Amino acid sequence: MSSSPPRESMKTIPRTIGILMIALLTLGMVEGLLPSHGGSVTPPVSFTFYFGGDTGYYSGVYTEAMASHQLVKSDFFLNLGDISYNGTSNGNPPTGNEVDWCNFIKANVQNRLGNPNYPYVMITGNHEDGHATLDGTNDGYIDAFIGDRCMPLSAFNSQSTAGSGYINFIGSGLCTESTTCYGKEGYFDYPASDPIARIITLTVADTVGNVSSTRVNYNYCPLSVCSQNTSSPSPTERVMDAHWNWLTGVVSAAKNAGLWIIVAFHKPCLVPDLLEGCEGNGNYNGHNPNYQLETYLMSHGVDVILTGHAHIHARSKQLTCLGPTEPPSDSKIDITYSQSCVANDGSSGVYNRGAGTVQIIEGAFSQRNDQLNFSRSDTNYFAEAMSARGCCWQYGNGVGNVCCWQYGNAMNLTAGNGLGMMTVNATQISYNFLPSGIHSRTVAGASEFTDSFVIKSPSNPTNGSSPPGGLSPLILGALVAAAIGVIALVIVTISRRRKISDQNPSKPLATADETGET
């Protein structure tokens, strides 16, 4: 005959569970009230940078360039190419004027900010590739712009510690025409001490070098696509493949590390203006390298593409591809619009991270001589666009003399020069177009052109800690433990009552006082 547990022992079980439950809940509440050692005490990592292309001035008129540079501040500036136009475009020698431009920048950026080492990061455009372009212009050489007499990388890359403003630029090692890849091809993770983003800078669809025997052709395309004979590729095809392999490795590593990926170069393939097309710097096995490059970037986790070259502002929808038609190299034939390439039309101003790529053309920093082309098929890939020239191409479609494009509609707005500002933190990228105040077109009664958007992560983890306003793991653990304790208490109570009932069928169930319940 089995004996029942001692009465006092049975009272102790639920009381013990209750005490443990109260202790866990109290611990969770105290932890919630104490300062967190995560994001709530140390501000989350965040940085802001400014960017723009086609930053120079023609014929000595630098009003627009100065006005835009006066807006530059914060962590660094990214110059997207066509830096000064101070060479043959202005009747000057093709090189030798780079230091004059650097002095202009120092006066209007570094000196104004009181920071002689402020990072003014440069990328090669076709006007500083070191040799005459097809139109005969040559406005400097990138190695002179980043040289010791101008604005060298060492000014903000030689600090003993990775403090504020430190740029740890890592070149590809494929820039044989000079001793550094800075300005041509490489990347830096930012902030260097606690990176949340990788900024990759490229030279696209251009040949760089002021000595023909050492010039490098910067195209990106794998042998499997761009070589007619993969077993015996040409030297140019081998170079393209080397650049491709380096780039895809850098993108993949950044994606695996969970970094935001921002790719910056001068010449876009996708463009809604009248003058520019998808330049590819040659035709390889029937393929356009620039189309191959942007198609890859859009389908492999790149968050943002920053470009210049076209003297307009434009911001794309969030894209996963460039449509089914690959344009001939260096062609202005339209890329075919395909709705299937659009992950988000951008009309809400909010994109989801990982859904596709947003491309920004920021070529109206100081220039204003390009027009939008509303009849191009690929214009439909853009959410917003603006011509600082103040009038846009119509092709007889009845649009009229208007400057801007917003979500599929031609708009007549006040417009002018400006630049981009981007703020990045662990869970969000936000962008704003900043007008420089120099209007090339004023429309009575019309608002000024604006553009802004954010890219948000689907969730908001912050280095393993709870998101703002959320519950910490300890609180969650306490609540779970408390719930388990309640369930256990109920089970023990029910079990006891059943045992008492089985042993004393005629006796009523114990009262609350007898069981120790309150």
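Here we summarise the structure given alongside this text. (Residues numbered from 1 in each chain as written. Predicted model: local features only at pLDDT ≥ 70, side-chain atom pairs only at ≥ 80, totals over all residues. Heavy atoms only, no water.)

Here we take up the overall build of the protein. From N to C terminus, the protein includes 10 helices and 21 strands. By residue count, 51% of the 518 residues in the protein fall in the buried class. Total accessible area computed for the protein in this model is approximately 22000 Å², and 55% of it derives from carbon and sulfur atoms. (Helix = DSSP H or I, 4+ residues; strand = E, 2+ residues; numbered from the N terminus. Buried < 20%, exposed > 50% of the residue type's maximum accessible area, 1.4 Å probe, protein only. Areas by Shrake-Rupley, 256 points an atom, 1.4 Å probe, with all protein chains shown as cover.)

Looking now at helix 7 (residues 235–256). Owing to its 3.6 residues per turn, the α-helix brings residues three or four apart onto one side. Between its first and last C-alpha atoms helix 7 spans 32 Å; for 22 residues at 1.5 Å apiece the expected length is 32 Å, and the two agree. Residues of helix 7 that are buried include every one of Glu237, Met240, Asp241, His243, Trp244, Trp246, Leu247, Thr248, Val250, Val251 and Ala254, and no others. Residues of helix 7 that are buried in the fold lie against strand 5 (186–190), strand 6 (197–201), strand 8 (216–218), helix 6 (223–226), strand 9 (260–264) and helix 8 (289–299). Within two residues after helix 7, Gly258 carries a phi angle of roughly 75°, on the positive side. (Expected span 1.5 Å × (residues − 1). Contact = heavy atoms within 4.5 Å.)

With that settled, the discussion passes to the side chain of Lys184. Within the fold, Lys184 resides in the loop between strand 4 (170–171) and strand 5. Reaching out from Lys184, the side chain makes a polar contact with the backbone oxygen of Thr180 at a distance of 3.3 Å. (Polar contact = N/O pair within 3.5 Å; in protein donor to acceptor, adjacent residues only side chain to side chain.)

Bringing the environment of Ile123 into the picture now. Along the polypeptide, Ile123 turns up in the loop between strand 3 (120–122) and helix 4 (142–145). Look at Ile123 and you get buried, because its relative accessible area is 0%. A C-alpha to C-alpha distance of 6.8 Å links Ile123 and Thr201, two positions 78 residues apart in sequence. Apart from the residues lying within four places of it in its own chain, the contact partners of Ile123 are Leu78, Asn79, Leu80, Gly81, Ile83, Glu128, Ile142, Gly183, Thr201, Leu202, Ala264 and Phe265.

The final tally for this structure, using the stated rule, is 6 disulfides. A disulfide bridge connects Cys221 with Cys226, and the sulfur atoms are separated by 1.9 Å. Handedness of the Cys221-Cys226 disulfide follows from its S-S torsion of about 75°: it is right-handed. A single burial state applies to Cys221 and to Cys226, both of which are buried. Here the disulfide map of the protein reads 1-2, 3-4, 5-6, 7-8, 9-10, 11-12, the bonded cysteines being numbered as they appear in the sequence. (Disulfide = S-S within 2.5 Å.)

Moving on to unusual backbone geometry. Trans peptide bonds make up most of the peptide bonds, and negative phi angles are found at most residues other than glycine. For the bond from Tyr190 to Pro191, the omega torsion is -15°, close enough to zero to count as cis. Inspection of the secondary structure puts Pro191 in the loop between strand 5 and strand 6.

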